[in-house]
Amino acid sequence: MNELFPIYVKLDQIQTLLVGAGAVGLEKLEAMIKNSPKAKIKVVAEHSIPAFDDFIKKHSHIEFIKRTFKSKDIYGIDLIILASNNDFLNQQIRRLASEQHILLNVADTPALCDFYLGSVVQKGNLKIGISTNGKSPTIAKRLKELLNEVLPEELDDTLELMQELRNSLKGDFQHKVKVLNEHTKELLSHSGYDRAD
Ligand SMILES: C[C@@]1(CC(=O)O)C2=NC(=C\c3[nH]c(c(CCC(=O)O)c3CC(=O)O)Cc3[nH]c(c(CC(=O)O)c3CCC(=O)O)/C=C3\N/C(=C\2)[C@@H](CCC(=O)O)[C@]3(C)CC(=O)O)/[C@H]1CCC(=O)O
Ligand SMILES: NC(=O)c1ccc[n+]([C@@H]2O[C@H](COP(=O)([O-])OP(=O)(O)OC[C@H]3O[C@@H](n4cnc5c(N)ncnc54)[C@H](O)[C@@H]3O)[C@@H](O)[C@H]2O)c1
């Protein structure tokens, strides 16, 4: 059974700690900034690869502390992403995170994770997170590529128009739901977009 509950997090409203500045740390940092350019992120790592330093130079609001992790690094932190090559450190941060009730992701280590990262499909305002319950991240990545290809770019215009309609609707909640459902009944069928061509 798949018991994961998906959520979409406002990274600009919380404080995230990333530990590790190698290839995996960079991958996680890029993913966070791509989705949430104003994300509040503090990075702690003993060493960094040149590509990581280059990325930091281009994103001056990211705080980068180049030294060994200390327990006090988790003060004021809401979410931790761990991309270290150090099992002892992983276990130590797992314990600290549990004690302080901070949610933790340890890259590629499902047993230590409170949550998994997903593959992300984005078409403007539409964002689809994909998880395979940890079974195959490669399939998640392939599905992302497939959806990116097949979902029409016009979808974002549709979302904007729907918001306008939604804001213009008067009446009670049930009435709004009825009107919005009527307007969208055939919209996402293939023929709906074909007709617009
Ligand atoms: C989606 C994505 C998001 C991201 O990481 O940002 C993600 N992994 C991605 C790619 C990827 N990861 C790995 C490969 C190599 C091929 C392979 O092994 O399949 C590739 C493919 C590639 O890079 O091409 C290695 C790997 N990953 C995990 C393990 C351990 C294990 O399974 O036990 C190992 C073996 C390590 C080893 O052998 O040492 C575990 C996890 N990886 C997850 C997420 C979580 C489950 C997501 C889900 O529910 O599906 C979970 C559980 C925890 C987590 O890390 O959050 C991202 C796609 C980004 C994109 O869209 O492009
Ligand atoms: N690179 C890959 O493609 C890949 C693929 C699958 C799994 N992994 C695994 O993911 C992990 C990270 O990979 P990587 O290539 O980014 O490793 P890396 O060695 O390049 O980076 C590890 C980072 O952790 C930091 N670190 C380690 N101990 C620390 C401490 N006590 N305090 C502060 N920082 C500390 C290092 O300074 C470095 O920045 C490894 O466990 C690796 O086996 C990597």
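Residues numbered from 1 in each chain as written. Chains lettered and ligands numbered in written order. Predicted model: local features only at pLDDT ≥ 70, side-chain atom pairs only at ≥ 80, totals over all residues. Heavy atoms only, no water.

### Some points on the site of ligand 2
Near ligand 2, the surroundings consist of 17 residues, among which Ala21, Val24, His47, Phe69 and Asn85 are the closest. Within the backbone of Ser84, a nitrogen or oxygen atom sits 3.3 Å from an oxygen atom of ligand 2. Contact distances for ligand 2 include 3.4 Å between a nitrogen atom and a side-chain N or O atom of Asn86. Isolated, ligand 2 exposes 830 Å² of accessible area, and the fraction of that covered by the protein chains is 64%. Every element with two or more residues in the shell around ligand 2 is listed here: strand E1 (15-21), helix H1 (23-35) and strand E2 (40-48). The leading source of residues in the shell around ligand 2 is E2, at 3 residues. A per-class count over the shell around ligand 2 returns 7 nonpolar, 7 polar and 3 charged. (Near = heavy atom within 4 Å. Polar contact = N/O pair within 3.5 Å; in protein donor to acceptor, adjacent residues only side chain to side chain. Areas by Shrake-Rupley, 256 points an atom, 1.4 Å probe, with all protein chains shown as cover. Helix = DSSP H or I, 4+ residues; strand = E, 2+ residues; numbered from the N terminus. Nonpolar A, V, L, I, M, F, W, Y, C, P; charged D, E, K, R; others polar.)

### Here we look at H1
Taking 1.5 Å per residue, 13 residues should reach 18 Å; H1 reaches 19 Å between its end C-alpha atoms and fits that length. Among the residues of H1, Gly25, Leu26, Lys28, Leu29, Met32 and Ile33 are the ones counted as buried. All buried residues of H1 fall inside an arc of 165 degrees around its axis, so they share one side. Away from the buried face of H1 by more than 90 degrees, exposed residues Ala23 and Lys34 are located. Packed against the buried residues of H1 are E1, E2, helix H2 (50-58) and strand E4 (79-82). (Expected span 1.5 Å × (residues − 1). Buried < 20%, exposed > 50% of the residue type's maximum accessible area, 1.4 Å probe, protein only. Arc of directions from axis to C-beta. Contact = heavy atoms within 4.5 Å.)

From the geometry alone we can't say anything about function, so treat these as descriptive.
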